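Topology and contacts: notes
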Amino acid sequence: MLGESNWKLVAIEQKPVNFGDRAFLKFDEKKNKVSGKAVCNSFSSDYEMSGQKITFSGIISTKMYCEGIMDDENQIITQFQK
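Residues numbered from 1 in each chain as written. Predicted model: local features only at pLDDT ≥ 70, side-chain atom pairs only at ≥ 80, totals over all residues. Heavy atoms only, no water.

1. Some remarks on the confidence of the model for the protein chain
- Chain-level pLDDT for the protein chain is 90 on average; 99% of the residues reach the 70-or-more range.
- Model confidence for the protein chain, summarised as mean pLDDT per element, is weakest for helix H1 (residues 70–81) at 87 and strongest for strand E5 (residues 33–38) at 94. (pLDDT = per-residue confidence, 0-100. Helix = DSSP H or I, 4+ residues; strand = E, 2+ residues; numbered from the N terminus.)

2. Considering the nonpolar core
- Ranked by internal contacts, the top residues of the largest apolar core, which has 19 residues, are Phe19 and Ile76.
- The set of elements that each furnish at least two residues to this core consists of strand E4 (23–28), E5, strand E6 (41–50) and H1.
- Per element, the largest residue contribution to this core is four residues, and it comes from H1. (Core = buried A, V, L, I, M, F, W, Y, C linked by side-chain atoms within 4.5 Å. Buried < 20%, exposed > 50% of the residue type's maximum accessible area, 1.4 Å probe, protein only.)

3. Remarks on H1
- Here H1 spans 16 Å end to end across 12 residues, near enough to the 16 Å set by a 1.5 Å rise per residue.
- Residues Met70, Glu73, Ile76, Ile77 and Phe80 constitute the buried set of H1. Buried residues of H1, viewed axially, fall in a sector of 125°; they line one side.
- Of the surrounding secondary structure, the elements contacted by the buried residues of H1 are strand E2 (11–12), E4, E5, E6 and strand E7 (53–61). (Expected span 1.5 Å × (residues − 1). Arc of directions from axis to C-beta. Contact = heavy atoms within 4.5 Å.)

4. Comments concerning the packing of aromatic side chains
- Per the stated rule, a full pass over the model turns up four aromatic pairs.
- Here Trp7 and Phe27 contribute two aromatic rings whose centre-to-centre distance is 6.4 Å and whose plane-to-plane angle is 85°, an arrangement assigned as edge-to-face. Taken as a pair, Trp7 in strand E1 (residues 6–8) and Phe27 in strand E4 lie far apart in primary sequence, 20 residues in all.
- The class for Phe27 is buried, based on a relative accessible area of 3%.
- Taken together through their ring pairs, the aromatic side chains of Trp7, Phe27 and Tyr47 make up a single cluster. (Phe/Tyr/Trp six-rings, centres within 6.5 Å; stacked < 30°, edge-to-face > 60°.)

5. So, the side chain of Ser45
- With respect to the secondary-structure elements, Ser45 resides in strand E6.
- By relative accessible area, which is 2% here, Ser45 ends up buried.
- Here Ser57 takes part through its backbone oxygen, which lies 2.8 Å from a polar atom of the side chain of Ser45.
- Excluding residues within four positions of it along the chain, Ser45 makes contact with Asn32, Lys33, Val34, Phe56, Ser57, Gly58, Ile59 and Phe80. (Polar contact = N/O pair within 3.5 Å; in protein donor to acceptor, adjacent residues only side chain to side chain.)

Structure representation (C-alpha cells):
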C-alpha cells in the first residue's frame with residue numbers, strides 16, 4: 001500500500017536529485033487522489049493503481065515563478081505527466 005506518508009523525490013530518470021522536503025507526493029488511498037510539491041509549485045491529481053503500475057490523470061498545478069529552480073520544477077511536472 002502507498003500509505004499516508006510523504007514520498008520524497010530522490011531521482012529523475014534514474015539520476016539522483018536532492019530537493020530535501022521540497023519535492024514529494026502524498027497519496028490519499030480512500031479518494032484515489034495524490035498531492036504534492038514539485039520544489040516550488042503544489043500539484044494534485046487522480047490516480048489509479050493496477051498491479052505495480054500507477055497512472056495519474058487530471059493533473060492540476062499552481063503556476064508560481066520561483067527564481068533559479070524553474071528548470072527542475074518543469075522537469076518534475078513533465079515526468080509526472082508521463
